[in-house]
Amino acid sequence: MVGEFDSETIAKAYAGWAPVYDLVFGAVFDAGRRASIAAAERTGGRILDVGVGTGISLADYSPRNRIVGVDYCEPMLRKAQQRVARHKLAHIDALAVMDAQRLGFPDRFFDVVVAQFVITAVPDPEATLDEFVRVTKPGGEIILVNHLGAEAGLQRDFEHWFAPLARRLGWRPEFKWARLAQWAESHGSVQVVERRALPPLGLFSLIRFGRGEAAAAMVAAGLGVG
């Protein structure tokens, strides 16, 4: 598929971002982070935050939930650990270096999996999504926030032109919604519950996948994709 890249490239890119990540991306990604956390807390319970990075989102989760954060980049995760200690975030159960495609958790372990700005920054998005489904309980949700590539026009042309550089920086700007939709349709045990554009300027989207029969019921009731 277009735009694949390897784990070492990603790890190197994000190790470079670690010292300045919050400063560069904190405000830009804020609306997406808050939207994904609000969606996760509608289900609540045990929540896995994949690609937790510097832990900038951790304080925003309600103390009534139990949060586990994982990230492939150790320098980013060290900052998250420092943040948890500094703010005494007792609802954070664990932070661990982990590959999103090979999560070290039992099947059906989490009520919600959240991946903020992650799915376009892994070597195999479909395998990663399969792993998210594996660790999510029936009736739970998988919640993504990401930029999705334009389907046509100047924006699409720019994204494809920019893609080689962007991959060296750690993401795929040309990654399109159709890839996620095709994965969900072929998987069989997930349904698209919601898809909506987020500020600023609709550059990012919130996507919710429901695991199992509860998701199918929501879609049938007209509460599905927005």
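In case you missed it, the structure is sitting above this.
The rules we used
What you see as residue numbers is a count from 1 along each chain, following the sequence as written. In keeping with the predicted nature of the model, local features appear solely for residues at pLDDT of at least 70, side-chain atom pairs appear and are counted solely at 80 or more, and the whole-chain, interface and lining totals rest on all residues. Derived side-chain values reflect all non-hydrogen atoms in the structure, with water molecules and hydrogen atoms excluded from consideration. Runs of E in the DSSP output that reach at least two residues are strands. Runs of H or I that reach at least four are helices, and both are numbered from the N terminus. Only protein chains enter the calculation, and the probe is 1.4 Å; a residue is then buried if its accessible area is under 20% of its type maximum, exposed if over 50%, and partly exposed in between. A contact between two residues is defined here by any heavy atoms of the two lying within 4.5 Å. For accessible areas, the Shrake-Rupley method is used with a probe of radius 1.4 Å. Any residue's cover is judged against the shown protein chains and nothing else. Polar contacts, as used here, are pairs of N or O atoms within 3.5 Å; protein pairs need one atom able to donate a hydrogen and one able to accept it. Residues neighboring in sequence count only if both atoms are side-chain atoms. Pairing between strands requires that DSSP locate at least two bridges from one strand to the other. Only the stretch in contact is used when fitting a helix axis, every axis being a line fitted to C-alpha atoms; angles between N-to-C directions are given from 0 to 180 degrees. It is the directions from the helix axis to the C-beta atoms that the arc portrays. Salt bridges are defined as contacts in which a side-chain nitrogen from Lys or Arg sits within 4 Å of a carboxyl oxygen from Asp or Glu. An expected span of 1.5 Å times one less than the residue number is assigned to each helix.

**Q** A description of the overall build of the protein should follow, citing residues and the corresponding values.
**A** Across its full length, the protein carries eight helices and seven strands. In the protein, which comprises 226 residues, the share counted as buried stands at 53%. Considering only contacts in the protein between residues 6 or more positions apart, those separated by 24 or more positions represent 72%. Total accessible area computed for the protein in this model is approximately 10,400 Å², and 57% of it derives from carbon and sulfur atoms.

**Q** Can you break down the environment of N65 residue by residue, with the values?
**A** Mapped onto the elements, N65 comes out in the loop between β1 (46-50) and β2 (66-71). By relative accessible area, which is 3% here, N65 ends up buried. Placed 18 residues apart in sequence, N65 and I47 show a C-alpha to C-alpha distance of 7.2 Å. With near-sequence residues (within four places) excluded, N65 lies in contact with E41, G44, G45, I47 and H91. Looking at N65, its side chain comes within polar contact range of the main-chain nitrogen of G45, at 2.8 Å.

**Q** Run through the sheet that holds strand β3 (residues 92-97), naming residues and quoting values.
**A** Spatial strand order, β3-β2-β1-β4-β5-β7-β6: seven strands in an open sheet with mixed pairing. Looking at the sheet topology across the chains shown, the edges are occupied by β3 and β6 (190-198). The average angle at which neighbouring strand axes cross in this sheet is 15°, direction not considered. Here helix α4 (residues 74-87) sits on the sheet in contact with β2 and β3, set at roughly 160° to β3. Along the sheet, helix α7 (residues 177-187) makes contact with β5 (136-146), β6 and β7 (204-211), crossing β6 at roughly 165°.

**Q** Kindly report on α7, identifying the contributing residues and their values.
**A** Along α7, the positions that sit buried rather than exposed are W177, R179, L180, W183 and A184. Taken end-on, α7 shows its buried residues confined to a sector of 165°, consistent with a single buried face. Away from its buried face, by an angle of more than 90 degrees, α7 presents the exposed residues Q182, E185 and S186. Among the structural elements, α5 (125-135), β5, β6 and β7 are those in contact with the buried residues of α7.

**Q** Tell me about the environment of E41, and please be specific about residues and values.
**A** Along the polypeptide, E41 turns up in helix α3 (residues 30-43). Of the residues examined, E41 reaches a relative accessible area of 18% and is grouped as buried. When the C-alpha atoms of E41 and Y61 are compared, they prove to be 7.8 Å apart, with 20 residues separating the residues in sequence. Residues in contact with E41, not counting those within four places in the same chain, are D60, Y61, S62, R64 and N65.

**Q** Could you give an account of the pattern of salt bridges, naming the residues involved and the relevant values?
**A** Taken as a whole and judged by the stated rule, the model has 13 salt bridges. Between D93 and R66 there is a salt bridge, with its nearest N and O atoms 2.6 Å apart. Placement of D93 in strand β3 and of R66 in strand β2 is noted, with a sequence separation of 27 residues between them. Overall, the relative accessible area of 43% leaves D93 in the partly exposed class. For the salt bridge of R208 with E194, the shortest nitrogen-to-oxygen distance reads 2.7 Å. On the criterion of sequence distance, the pair formed by R208 in strand β7 and E194 in strand β6 is long-range, its members being 14 residues apart. Taken as a pair, R208 and E194 share a single burial class, namely buried. Linked through salt bridges whose partners overlap, the residues forming this network are D30, R33, R34 and D60.

**Q** Can you break down α4 residue by residue, with the values?
**A** One full turn of an α-helix is made of 3.6 residues, so residues set three or four places apart face in the same direction. Spanning 14 residues, α4 covers 20 Å between terminal C-alpha atoms, matching the ideal 20 Å at 1.5 Å per step. Within the sequence span of α4, burial applies to M76, L77, A80, R83 and V84. Within α4, the buried residues cover an arc of 110° as seen down the axis, which keeps them to one side. For α4, the exposed residues lying more than 90 degrees away from the buried face are A85 and R86. Once α4 ends, the next one or two residues include K88, with phi positive near 50°.

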